[in-house]
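Residue strings, one per chain:
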Amino acid sequence: MVVFIIGCFSVINTGNGGHYYSLLHLAKELPMEYKIIVIGDFFPNAYKKESNIDFINVSVNEVDTFKPKEYLQLHIPSIVHAYDSNSAIFANKIAAEFKVPLVVTKPGGSALKVYAPVYKNMVVFHGEDYDSLNNRIFAKPKKLALIANRVATPLKTAQDKRLNPFESCNSSCIKIIRIARIGKAYKKSILQSIELHNQIKKRFTDRNVFLAIVGHVEDEQVFIDIKKIIQDTASIELFVTPDYCIEASQLIPYSDVVVGTGRSFMEGMSYGKFVFFPVKGSSIPCFTTEESYDKAFYKNFSPRLSTTDGIDPLKALNIFYDYLDSVKNHDSYNKWIVKRFDENHEVKEGAKRLVEFYQNLSPENQCIYLKQYAWFKFEKYISFLRGKLKKILFV
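Rules of the game
Here the residue numbering is sequential within each chain, running from 1 through the sequence in written order. Reporting of local features is limited, given that this is a predicted model, to residues whose pLDDT is at least 70; pairs of side-chain atoms are given and counted only at 80 or more, and all residues count toward the totals for whole chains, interfaces and linings. Heavy atoms throughout the structure, all of them, feed into the side-chain values; hydrogens and water do not. We call a residue buried when its accessible area falls under 20% of the maximum for its residue type, exposed when it is over 50%, and partly exposed in between, using a 1.4 Å probe and counting protein chains only. Runs of E in the DSSP output that reach at least two residues are strands. Runs of H or I that reach at least four are helices, and both are numbered from the N terminus. In this description, the arc belongs to the directions extending from the helix axis to the C-beta atoms. When checking whether two residues touch, look at their non-hydrogen atoms; a contact exists if any pair is within 4.5 Å. Under this definition, polar contacts are N or O atom pairs within 3.5 Å; protein pairs additionally need one hydrogen-donor-capable and one acceptor-capable atom, and for neighbouring residues in sequence, both atoms have to be side-chain atoms. Whenever Lys or Arg places a side-chain nitrogen within 4 Å of a carboxyl oxygen from Asp or Glu, that contact is recorded as a salt bridge. For the purposes of this section, nonpolar cores are sets of buried Ala, Val, Leu, Ile, Met, Phe, Trp, Tyr and Cys residues that join through side-chain atoms within 4.5 Å. A pair of strands is treated as paired once DSSP finds two or more bridges between them. To obtain an axis, a line is fitted to C-alpha atoms, over the contacting stretch when the element is a helix, and the angle between two such axes runs from 0 to 180 degrees between their N-to-C directions. Note on handedness: a clockwise path from strand one over the helix to strand two, with the strands aimed away from the viewer, defines a right-handed crossover. For Phe, Tyr and Trp, where Trp contributes only its six-membered ring, two rings pair if their centres lie within 6.5 Å, and the inter-plane angle classes them as stacked under 30 degrees, edge-to-face over 60, or tilted in between. An expected span of 1.5 Å times one less than the residue number is assigned to each helix. One axis is fitted to the seven residues ending at the residue and one to the seven starting there. The bend at that residue is the angle between these axes.

## Details of helix 6 (residues 220-230)
Buried residues of helix 6: Val 222, Phe 223, Ile 226 and Ile 230, and no others. Projection of helix 6 onto a plane perpendicular to its axis shows the buried side chains occupying an angular sector of 100 degrees, all on one side. Check the buried side of helix 6 and you find it contacts helix 5 (184-203), strand 10 (209-214) and strand 11 (236-239). At the N-terminal boundary of helix 6, the capping side chain belongs to Asp 219, with an oxygen 2.9 Å from the backbone nitrogen of Gln 221.

In structure tokens form, the structure reads like this:
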């Protein structure tokens, strides 16, 4: 049995993150027995409708007194798989107690600091993390795989059961959706979505444009700020109630354009929508083209992407206008983006790759941790010398 451990700690998590759904969809595709266990001090909203998920109520500071066998008497693992860095410290104890292999998935985010805990068997979502860990001199995983974030193939009829945020829109309206938690982490991307709405409205004066911003309120002040910005714009609306926010991806079929990061971006791809991702150094998000896709994929379609990565949002926006003007171009884009989804993000392929990763794992020496700051300083010094050497050789 594979026992998945995922954290939900009030000082760290919101309980609404996309990685909860990623794990759920991935686990259901595995051809083996599994159990998902949430460990933390509250149960995530993302799993409220799931009846077969266990909950271990502990605080993040109780790792030293945590006794795995008291909680896992009914679920004896053959592999323990932590699905985030916060739960990994508990999962490490569980794997050691049962003398079984540990796998840790790092689900997106910026690259780990060099002094952060690293584990023997690790899975990462994007190329930025893979290169960061694989290129280390010390404290690097013994077994490392890049298995991109995965999304279940969409149920085309799921939206029929949902409230429609675009109910008031006519058939020619250009409908934009941004699904994101209303908080500091996503404020800039929400503001970029608002500016995208404004730009499209200027370009297509003969058509209505509507932006639906859907997400749980994580920060009340950010919510107030956004409400003030859009208060005089009838064609932009916030949808923050659970009726809209839980399984919000089911609202995507109602839209034409999706502005997304990470998982929400991939969900937009799965439905063949026009997809945009946020970019630092720009007032608007970037439309996804063949030119920009690989660069965005490398960083998990995250807000860490920048115009300095060779991304040109204004050029991409004009390409989007060309697609929107032509039904033929629209159809070709739909086929291309769905093909990319099937190749890189479809959950069944991800499950196959994970099963392959599980082969020949060893239970010994699970955590590779640089406890001494001196090691950190030494690795930084080596990186500094490498940089100097490159300058000398290539001047």
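Resuming the write-up.
## Thoughts on the pattern of salt bridges
Following the criterion strictly, the structure yields 13 salt bridges and no others. Here Lys 106 and Asp 129 are joined by a salt bridge, their closest N and O atoms 2.8 Å apart. In this pair, Lys 106 sits in strand 5 (residues 102-106) while Asp 129 sits in helix 4 (residues 127-134), placing the two residues 23 residues apart along the sequence. Here Lys 106 matches Asp 129 in class, with each residue buried. One salt bridge in this structure joins Asp 325 and Arg 203, with 3.2 Å as the shortest N-O distance. Of the two residues, Asp 325 sits in helix 10 (residues 313-325) while Arg 203 sits in helix 5, which places them 122 residues apart along the sequence. Take Asp 325: its relative accessible area is 49%, and that puts it in the partly exposed class. For Arg 203, a relative accessible area of 38% translates into the label partly exposed.

## Describing the nonpolar core
Formed by 64 residues in total, the largest nonpolar core has its most connected members in Ile 200, Ile 213, Val 214 and Phe 320. When residues in this core are grouped by element, the largest group, six residues, is from strand 10. Apart from residues lying up to four places away in sequence, Ile 200 is in contact with Ile 174, Ile 176, Val 209, Phe 320 and Tyr 321.

## Observations regarding the sheet that holds strand 2 (residues 34-40)
Spatial ordering of the open sheet is given by 3-2-1-4-5-7-8, a layout of seven strands whose pairing is parallel. Edge positions in the open sheet fall to strand 3 (54-57) and strand 8 (143-146), since each of these has one partner strand only. Across the sheet, the mean angle from the axis of one strand to that of its neighbour is 20 degrees, orientation sign disregarded. Relative to strand 3, strand 2 runs parallel, the two being bridged by four bridges. Directly across from Ile 39, in strand 3, lies its bridge partner Ile 56. Seen against the sheet, helix 12 (residues 347-357) touches strand 4 (79-82), strand 5, strand 7 (121-124) and strand 8 and runs at an angle of roughly 175 degrees to strand 8.

## Structural notes on the pairing of strand 4
What you see with strand 4 is no split at all: Ile 79 and His 81 on one side and Val 80 and Ala 82 on the other are buried throughout. Examined bridge by bridge, strand 1 (residues 2-8) and strand 4 share four bridges and lie parallel to one another. Pairing of Phe 4 across the sheet is with His 81, part of strand 4. One ladder, built from three bridges, connects strand 4 with strand 5; its direction is parallel. Within strand 5, the residue paired with Ala 82 across the bridge is Val 104. Between strand 4 and its parallel partner strand 5, the chain crosses via helix 3 (residues 85-98), and the hand of that crossover is right-handed.

## So, the pairing of strand 5
The buried fraction of strand 5 is high, at five of five residues. Of the two faces of strand 5, the one lined by Leu 102, Val 104 and Lys 106 and the one lined by Val 103 and Thr 105 are each fully buried. Here strand 5 pairs with strand 7 via three bridges, running parallel. The residue of strand 7 that forms the bridge with Lys 106 is Val 124.

## A few points about the sheet that holds strand 14 (residues 286-287)
Spatial strand order, 11-10-9-12-13-14: six strands in an open sheet with mixed pairing. This sheet does not close on itself; its edge strands, each paired only once, are strand 11 and strand 14. Pairing between strand 12 (residues 257-259) and strand 13 (residues 274-277): three bridges, direction parallel. Within strand 13, the residue paired with Val 257 across the bridge is Phe 274.

## Here's the deal with the packing of aromatic side chains
Under the definition given, this model contains 29 aromatic pairs. Between the aromatic rings of Phe 274 and Tyr 333, the centroid separation amounts to 5.2 Å while the plane-to-plane angle is 35 degrees, which identifies the pairing as tilted. Of this pair, Phe 274 sits in strand 13 while Tyr 333 sits in helix 11 (residues 327-344); the two residues are 59 residues apart in sequence, bridging distant segments of the chain. For the pair shown, Phe 274 and Tyr 333 are each scored as buried. Centre to centre, the rings of Phe 276 and Phe 320 are 5.1 Å apart; their planes meet at 80 degrees, and the pair counts as edge-to-face. Within this pair, whereas Phe 276 is found in strand 13, its partner Phe 320 is found in helix 10, the two being separated by 44 residues in sequence. Judged by relative accessible area, Phe 320 falls into the buried class, the value being 0%.

## Side note on helix 3
The terminal C-alpha atoms of helix 3 lie 20 Å apart, and with 14 residues this matches the ideal 20 Å at 1.5 Å per residue to within 8%. At Ala 91, helix 3 is deflected by roughly 25 degrees, the largest bend along its length. Residue Asp 84 occupies the N-cap position of helix 3, its side-chain oxygen lying 3.0 Å from the main-chain nitrogen of Asn 86.

## Some points on the environment of Ile 230
Tracing the chain through its elements places Ile 230 in helix 6. Distance from Ile 230 to Glu 247, taken between C-alpha atoms, is 25 Å for residues 17 residues apart in sequence. Setting aside chain neighbours within four positions, we find Ile 230 in contact with Ile 194, Ile 236, Glu 237 and Leu 238.

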